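# Working through the structure, step by step
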Amino acid sequence: MPILKSLKEYKNEGAVPFHMPGHKRGNIYKKTEINSLFEDILALDTTEVPGIDNLHCPENAVLEAQGMAAEAFGADHSFFLVNGTTSGIYSMIMASASPGDKIIIPRNCHRSVYCAVILGRLIPVYINPEIDYEFGIAMGIKPETIENVLKEHGDAKAVVVTNPTFYGVCSDLERIAEIVHERGMILLVDEAHGSHFCFNERLPISALEVGADMTSQSIHKTLPSMTQSSILHVKSERIDIEKLKVFLQLVQTTSPSHILLASLDAARFIMQKFGRELLDETIDWSNWARSEINNIEGCRCLGPDRIGRNGTVDFDPTRLTVNFGALGLSGVEAEDILRKDFKIQVEMSDLYNIVAITTIGDYRSDYESFVNSLKRLAGTVRRGKIKSMPAPAFFAPQEPSLMPWEALYYEKEQVDIEQSIGRICGEMIIPYPPGIPVLMPGEPISREICEYLKLCVAQGIKINGASDPKLKKVWVIKNRRGS
Ligand SMILES: Cc1ncc(COP(=O)(O)O)c(C=O)c1O
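Residues numbered from 1 in each chain as written. Predicted model: local features only at pLDDT ≥ 70, side-chain atom pairs only at ≥ 80, totals over all residues. Heavy atoms only, no water.

### Re a nonpolar patch on the surface
Short version of the rule: Patches were defined on residues exceeding 30% relative accessible area and lacking a salt bridge, with like-charge contacts within 9 Å and nonpolar side-chain contacts (Val, Leu, Ile, Met, Phe, Trp, Tyr) within 5 Å. In this description, accessible areas are obtained by the Shrake-Rupley approach with a 1.4 Å probe, and a residue is regarded as covered only by the protein chains that are shown. The term salt bridge refers to a side-chain nitrogen of Lys or Arg lying within 4 Å of a carboxyl oxygen of Asp or Glu. Relative accessibility decides the category of a residue: with a 1.4 Å probe and only protein chains considered, values under 20% of the type maximum give buried, values over 50% give exposed, and everything between is partly exposed.
A grouping of Met1, Phe269 and Phe274 is seen on the molecular surface, where their side chains present a nonpolar patch of about 240 Å² in accessible area. Exposure remark for Met1: the relative accessible area of 34% places this residue in the partly exposed category.

Right, here's the structure in full:
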């Protein structure tokens, strides 16, 4: 672990730190006698003094650690990130397409992809995922969907795919890579939830193994590094590495936390040394939990039975998505009960489901207490009927009135939703489930969209991103009407 080693060496040397950061190796907490629990961490927190490498022009420990990560993850080049996969997505997209270029993106992609489109001033061409109506979630992207969009937009520079999804669903990346590369385009994968894939053959195939050109992974999500730490991997001749480095500098701080970098280094070390075996346990216990949950009356756990449908070719067994529809319980209510009554906190919930993430850090007893809590919850909860989701509608316009980055700079006003018909939307409106934006800034608001949104709100669907979550009001572009 070269980065951790360099930090320890500098700490042990005991040089008087007349440099940043201002806590001076945590001394301020000793001086003020504030019990912070920070001391051990802060003792390692330093800036780039001699012996501590520089993320933006690495020559020693960071260079070595990135090289070791590239080898471990199967990349040609790996770049450590201190601003999450978000910064990896910004950089990989902007390094692949110039302002005014088209880029193919899934309509349900993470907001960082939309932000990259704004920052890079690109023209987004949307593709739609398939939908599972029982769980109310977006599933895979079919290769045919990509083939079809490329017939019309053969001039696009790159295609972005989210693989796996938040729910652990994997698309046919292998076929998608062939389609994209046959046309000389670049395949970029948002693999925020898939950094563990390459460490155990029982997991779905990783983006780099099927030929993606770049992939951004949140090591902090499914592997044991600290929050914010991610890696951008490149395995391709199609990428201009020097250009990519410029964008990485553009989107990241000049004062990166070496503790975050060291945690990436340590996560890589753990995975190389223990990963395969620990993941075997994680997969076995997750599968055990899934089958126990499926035996609880009223609960259903998303699983590999979904493979072969809805653009889904594989499934991450370590993702436990539990649906309580038959109990008349929403995911949001279940999350709340699990926390208050059983001291269990899941990653997220929506109208229908809770999503639990399992990793190599979990103990057998954690799985057991999760399953036992769900059994007790299902045994006590009243049975009712949960409202059904309006059939998800895809409203992405062929030609938005304004590009998202243009909409950003226009003056806006908030109007009643009824009055927004015929106007241009000034904000993101994403009903959850299924997490597919109905409106993005710059898109015209039709009566059909307005009625759909009102129906979503009436059914208790959360509207993410909207300034008024009840959607009585919506921001529109001032002095302009949609076309
Ligand atoms: C699918 C997806 N992509 C990208 C991101 C951004 O990752 P990060 O939080 O590491 O910036 C997330 C975060 O939740 C995500 O779920």
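### Some points on the domain arrangement of the chain
In many reports, interface size means the accessible area that the parts give up when they come together. Using the following cut-off: Boundary definitions for the domains trace back to an automatic or database domain assignment. Contacts: residue pairs with any heavy atoms within 4.5 Å of one another. Accessible area that two parts lose when put together, with a 1.4 Å probe and added across both, is what the buried area reports.
One can read the domain layout of the chain as domain 1 (2-269), domain 2 (276-380) and domain 3 (404-481). Relative placement of domain 1 and domain 2: their C-alpha centres are 27 Å apart. Each partner contributes to the interface: domain 1 provides 31 residues, whereas domain 2 provides 31 residues. For the pair domain 1 and domain 2, the summed buried surface comes to about 2,700 Å²; carbon and sulfur atoms form 55% of the total. Looking at the side of domain 1 facing domain 2, the largest losses of area belong to Phe135, Tyr167 and Arg202, adding up to 28% of the total buried there. Taken together, the connections running from domain 1 to domain 2 amount to 6 salt bridges.

### Quick look at empty space enclosed by the protein
Filter applied, for reference: Using protein atoms alone on a 1 Å grid, points that fit a 1.4 Å probe yet trap it form a cavity, whereas open point sets bounded by protein on both sides within 12 Å along at least five of seven lines form a pocket; residues with an atom within 4 Å of a point count as lining. Grid points are joined across faces, edges and corners, and a volume is the space filled by probe spheres set on the points.
Inspection of every chain in the model, using the stated rule, returns 3 cavities of 30 Å³ or more. Considering the residues around the largest cavity, the lining is formed by Pro106, Asn108, Pro129, Met139, Gly140, Ile141, Val161, Thr162, Thr165 and Ser171.

### Considering the pattern of salt bridges
Put simply, the test is: In DSSP terms, a helix is any run of H or I states spanning at least four residues, a strand is any run of E spanning at least two, and both are numbered starting from the N terminus.
Within this structure, the stated rule accounts for 28 salt bridges. Here Arg238 makes a salt bridge to Asp213, at a shortest N to O gap of 2.6 Å. One end of the pair, Arg238, is in the loop between β10 (230-234) and α10 (241-251); the other, Asp213, is in the loop between β8 (186-190) and β9 (214-217), with 25 residues separating them in the sequence. Since its relative accessible area comes to 42%, Arg238 is described here as partly exposed. You can call Asp213 buried: its relative accessible area is 0%. Put simply, Arg306 and Asp305 hold a salt bridge, and the shortest N to O gap is 2.9 Å. One salt-bridge network, held together by shared partners, links Asp132, Glu134, Arg300, Asp305 and Arg306.

### Re helix α12 (residues 331-342)
Here is the rule we go by: Residue count minus one, scaled by 1.5 Å, sets the expected span of a helix. As used here, the arc belongs to the directions running from the helix axis to the C-beta atoms.
With 12 residues, α12 should cover 16 Å at 1.5 Å per step; its first-to-last C-alpha distance of 15 Å lies within 8% of that length. Those residues of α12 that sit buried are Gly331, Ala334, Glu335, Leu338 and Phe342. Considered in projection along α12, the buried side chains sweep an arc of 105 degrees and stay on one side of the axis. Opposite its buried face, α12 presents the exposed residues Lys340 and Asp341, each directed more than 90 degrees away. Against the buried residues of α12 lie β14 (348-349), β15 (353-357) and α13 (364-380).

### Some remarks on unusual backbone geometry
That bond from Met20 to Pro21 is cis: its omega, -5 degrees, falls within 30 degrees of zero. By secondary structure assignment, the location of Pro21 is in the loop between α1 (2-13) and α2 (27-31). Phi angles above zero are rare outside glycine, and Arg25 is one such case at about 55 degrees. Tracing the backbone through its elements, the reader meets Arg25 in the loop between α1 and α2. At Leu471, a position not held by glycine, the phi torsion is positive, near 55 degrees.

### A few points about the site of the ligand
Basically, it comes down to this: Nearness is defined per residue: one heavy atom within 4 Å of the molecule or strand is enough. Under this definition, polar contacts are N or O atom pairs within 3.5 Å; protein pairs additionally need one hydrogen-donor-capable and one acceptor-capable atom, and for neighbouring residues in sequence, both atoms have to be side-chain atoms. To qualify as sitting in a cavity or pocket, a molecule needs more than half of its atoms within 2 Å of the grid points. Under the scheme applied here, ten amino acids are nonpolar (Ala, Val, Leu, Ile, Met, Phe, Trp, Tyr, Cys and Pro), four are charged (Asp, Glu, Lys and Arg), and all others, including Gly, are polar.
Taken together, 14 residues are adjacent to the ligand, and Thr86, Asp190, His193, Ser218 and His220 come closest. The side chain of Asp190 places a nitrogen or oxygen atom 2.6 Å from a nitrogen atom of the ligand. One of the side-chain N or O atoms of Ser218 is found 2.8 Å from an oxygen atom in the ligand. With the chains in place, 83% of the 390 Å² that the ligand exposes on its own is no longer accessible. Structurally, the ligand is housed in the largest pocket. Elements represented by at least two residues in the shell around the ligand include exactly α5 (84-96) and α9 (219-222). With 4 residues, α5 is the single largest residue contributor to the shell around the ligand. Across the shell around the ligand, the residue classes break down as 3 nonpolar, 9 polar and 2 charged.

### Quick word on the state of the cysteines
Note: disulfide means a covalent bond formed between the sulfur atoms of two cysteine side chains. Rule in force here: Any two cysteine sulfur atoms lying within 2.5 Å of each other are counted as a disulfide.
What the rule picks out here adds up to 0 disulfides. Cys425 provides the cysteine sulfur closest to Cys450, a residue in no disulfide bond, and the two sulfurs are 11 Å apart. A relative accessible area of 0% means that Cys450 is categorised as buried. The thiol of Cys456 is not disulfide-bonded; the next cysteine sulfur, from Cys450, is found 11 Å away.

### Regarding the layout of surface pockets
When its volume is computed, the largest pocket comes out at roughly 780 Å³. What lines the largest pocket is a set of 35 residues, and nearest its centre among them are Cys109, His110, Arg111, Phe166 and Tyr432. Elements supplying a minimum of two residues to the lining of the largest pocket: α5, α6 (111-120), α9, β14, β18 (430-432) and β19 (462-464). The biggest single contributor to the lining of the largest pocket is α5, with 4 residues. Of the volumes computed, that of the second largest pocket is approximately 370 Å³. What lines the second largest pocket is a set of 20 residues, and nearest its centre among them are Val125, Tyr126, His153, Pro397 and Gln398. Sort the elements by how many residues they give to the lining of the second largest pocket and strand β3 (residues 123-127) lands first, with 5 residues. Residue classes in the lining of the second largest pocket are distributed as 12 nonpolar, 5 polar and 3 charged.

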